[in-house]
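Overview (structure and organization)
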Amino acid sequence: MVDSATETSAPRRRVSVPFWAQVLLGLAFGLILGGIARGFQVNWLAETLTQIGSIFVQLLKITVVPLIFTAIVASIANLREVRNAARLAGQTLLWFMITSLIAVVIGMAIGLITNPGANSGLTPEGASYKGGSGTWLDFLSGLVPANFLGLTANTQTGDTGPTTSLDFNVLQLVVVAAAIGIAALKVGDKAEPFLAFNRSALEIVQKVLWWIIRLAPLGTLGLIGKAVATYGWNLLAPLAVFTVDVYVGCALVLFGVYSILARAHGLSPAKFFSGAWPAIQLAFVSRSSVGTMPLTRQVTIRNLGVPESYASFAVPFGATTKMDGCAAIYPALAAITVAQIFGVPLGIKEYLLIAFVSVFGSAATAGLTGAIVMLTLTLSTLGLPLEGVGLLIAIDPILDMMRTATNVAGQALVPTLVAKREGILDEAIYNSERTDLVNEPEPEPERERVVATA
């Protein structure tokens, strides 16, 4: 006779929805709710979606400063075991430039084929822009920290009075953390208590980050819903060709060029995209490479097999300077579009300048980031009117989703390629079956993992 108590005490199978499916559900509900808010003028719903999305992005951003600082200091402390650190940095910069050059060539080719400015129906009379332009000196000011954490304060006066918000310069933060890490190495054994505290702080920050990332489906709902409710699709009509060009160019780089590069290095493109996809989809909805950076770092280490000590350098650096979408494809297409609208002919010299600015200009705007700064730098270099920015800025949020997804994919790909070329990529991790990265428990810290090459 079977004991009924035994039957009732059998464990129940827990139904778990994969994280990627949760994000897709958030995306679908965001589109629906955003459409309702815009179509029926439901202002409270639009405001709610805006607040949900803004809170999620803000939560991501608050982890960036402690994560970058503790991760870089910890990784520098591990450099005692790495014999090829300088070569890794050189290879990373080289592949940043190679992929940016490929991306800008694709952008220019699409612009020359489709003539987005000539087909827009826009005229110079409708152009207006009151912002400043990016300059090459911004690179130097972006390197030198203004204070310990590269923080800046911005005060604005509104109906409720003045409000002050704090922002940070990621590149300056990287410089500060690197300097402290190098100093700790030079100090030697006396710095060990500080380094032990830093390792503990890094583990705590990663735990908090994982809790925030679990909210991504809700954040996706708010961010996509806000985009639909605020902008809709009517802004795309005059610049439909330009919009399609940006999406097609980014898609060619994201799924075409990156797949070819992965295959050329003996890596499966499917495995790369399945591993990097959590960061790519979060970048699409959040429109922030910096906000996505913590997750980009996690997928690069846990899914793609890049050593933590190297990824802690390459991913934060890429989040500020590796922007194939914002700093290569977009400014190339935008410059061609603005030139056609204003009737300015472009020759071989101008196209070479576009390529030069796209490859090296992202470093000049590091810490400022954003496609608008990169676009003003490109237009200024070519001598094109900055008023053209005003013609394109209205649809920028819609374009920025695809641009940022391309940026983040490149920020994960380059460290993977370099690790493979240097023989330090854990291909067992890269080729393993993917698990639900967010819903699975975190692995043990990798601080004891030694990176070395023959």
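This one's a predicted model, so the numbers in the text were calculated from it and none came from an experiment.

Turning next to unusual backbone geometry. Unlike most non-glycine residues, Q41 shows phi in positive territory, near 55°. Judged by relative accessible area, Q41 falls into the exposed class, the value being 59%.

This part takes up the confidence of the model for the protein chain. With 74% of its residues at a pLDDT of 70 or more, the protein chain has an overall mean of 78. Within the protein chain, no element has a lower average pLDDT than helix 1 (residues 4-8), which sits at 51, and none a higher one than helix 9 (residues 240-264), at 93. Every residue in residues 128-133 is under pLDDT 50, and counting partners more than four places away or in other chains gives twelve contacts. Counting interchain partners and residues more than four positions distant, the pLDDT-below-50 stretch residues 441-454 has 30 contacts.

Spanning 14 residues, helix 11 (residues 289-302) covers 19 Å between terminal C-alpha atoms, matching the ideal 20 Å at 1.5 Å per step. A maximum bend of about 35° is found in helix 11 at L295. Taken across its 14 residues, helix 11 has 14 buried, putting it largely inside the fold.

F242, Y258, F272, Y330, I354 and L392 are the most contacted members of the largest nonpolar core, which has 63 residues in total. Setting aside residues no more than four positions away along its own chain, L392 makes contact with L239, F242, Y330, A334, T337, V338 and L375. A71, A74, A216 and L282 belong to the second-largest nonpolar core, a separate cluster that totals 26 residues.

This brings us to the packing of aromatic side chains. Counted by the stated rule, this structure contains three aromatic pairs. Ring geometry for F272 versus F273: centroids 5.2 Å apart, planes at 70°, classification edge-to-face. Neither residue differs from the other here; F272 and F273 are each classed as buried. Ring-pair connections join several aromatic residues into one group, and the members of that group are F255, F272 and F273. When the ring centre of Y330 is taken as origin, the NZ or CZ atom of R403, which lies over that ring, is 4.3 Å away.

Rules behind the numbers
- Sequence positions are assigned chain by chain, starting from 1 and proceeding in written order.
- For this predicted model, a pLDDT threshold of at least 70 governs which residues receive local features, and a threshold of 80 or more governs which side-chain atom pairs are given and counted, while totals over whole chains, interfaces and linings are taken from all residues.
- The basis for every side-chain value is the complete set of non-hydrogen atoms in the structure, without hydrogens or water.
- Any residue under 20% of the maximum accessible area for its type is buried, any over 50% is exposed, and the rest in between are partly exposed; the area is computed with a 1.4 Å probe on protein chains only.
- Per-residue confidence from the prediction method is given by pLDDT, with values spanning 0 to 100.
- Starting at the N terminus, helices and strands are each numbered in turn, a helix being any DSSP run of H or I of at least four residues and a strand any DSSP run of E of at least two.
- By the convention used here, residues are in contact when the closest approach between their heavy atoms is within 4.5 Å.
- One less than the residue count of a helix, multiplied by 1.5 Å, gives the span that helix is expected to have.
- Here the bend at a residue means the angle between the axes of two seven-residue stretches, the one that ends at it and the one that starts at it.
- Nonpolar core, defined: a set of buried Ala, Val, Leu, Ile, Met, Phe, Trp, Tyr and Cys residues in which side-chain atoms within 4.5 Å join the residues together.
- Aromatic contacts are taken between Phe, Tyr and Trp rings whose centres are within 6.5 Å, Trp giving its six-membered ring; a plane angle under 30 degrees counts as stacked, one over 60 as edge-to-face, and the others as tilted.
- Only when the NZ atom of a Lys or the CZ atom of an Arg is both within 6 Å of the ring centre and within 35 degrees of the ring normal do we say a charge sits over the ring.

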